[in-house]
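Tertiary structure, described
One-letter residues, chain by chain:
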Amino acid sequence: MKQKFTGRWSQYKVENLENLLKKMGVGMIHRGIISRVAPVLEICQDGDHFTIQTITTVRTVELKFCVGEEFEDTVQNGDTRSAIAYWDGDKLIVKAVTDDEDSQITERELTDDGELVVVIRFQGVVAKRYFAREIIEST
């Protein structure tokens, strides 16, 4: 069964992101900014159709795609690429549409505790971002 990612998610922990950004060639100042800013993700999922907004105090980036269809993706270093999303069990995987095994791969998975873990892989370096779903209180 495919996971339900819809919701507003706040990052509460990050592992190894600065090293990943360094490997990608991101400059020291931008690495520092990206590593210290905790994004909020707003995810809207309708079956295999996704809209993901990454919101920070610096900028907001929106990504729209349908699983199994090629789309334009922006990776951690700001470059764009043609990518494709697919399901690997309950994981949502996004990778470049190339034969290059060294391209960035992003995995999104919900844990049994209801957390969203985003794993980013690039040329042997792995970073993880952990998100908690925000609770919307009704009035």
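Worth saying up front: this structure is predicted, and the values here are computed from it rather than measured.

1. Re the confidence of the model for the chain
Confidence in the prediction for the chain averages 89 pLDDT; 91% of positions are at 70 or higher. When mean pLDDT is taken per element in the chain, strand β10 (residues 125-133) scores highest with 97 and helix α2 (residues 28-36) scores lowest with 83.

2. Digging into the packing of aromatic side chains
One pass over the full model with this rule turns up 6 aromatic pairs. Ring centres 4.8 Å apart and planes at 20° place the aromatic pair Phe65 and Phe71 in the stacked group. Just as Phe65 is buried, Phe71 falls in that class too. A connected cluster of aromatic rings, assembled from ring pairs, spans Phe5, Phe50, Phe65, Phe71 and Trp87. In this arrangement the basic side chain of Lys13 is found over the ring face of Tyr130, its NZ or CZ atom lying 4.4 Å from the centre.

3. Describing α2
Three or more residues of α2 are buried, namely Arg31, Gly32 and Ser35. Projected down its long axis, α2 shows its buried positions confined to an angular sector of 100°, all on one face. Seen from the open side of α2, the exposed residues pointing more than 90 degrees away from its buried face are Ile29 and His30. Looking at the packing, one finds that the buried side of α2 touches β1 (7-15) and α1 (17-23).

The rules behind these values
- Residues numbered from 1 in each chain as written.
- Predicted model: local features only at pLDDT ≥ 70, side-chain atom pairs only at ≥ 80, totals over all residues.
- Heavy atoms only, no water.
- pLDDT = per-residue confidence, 0-100.
- Helix = DSSP H or I, 4+ residues; strand = E, 2+ residues; numbered from the N terminus.
- Phe/Tyr/Trp six-rings, centres within 6.5 Å; stacked < 30°, edge-to-face > 60°.
- Buried < 20%, exposed > 50% of the residue type's maximum accessible area, 1.4 Å probe, protein only.
- Lys NZ or Arg CZ within 6 Å of the ring centre and 35° of its normal.
- Arc of directions from axis to C-beta.
- Contact = heavy atoms within 4.5 Å.

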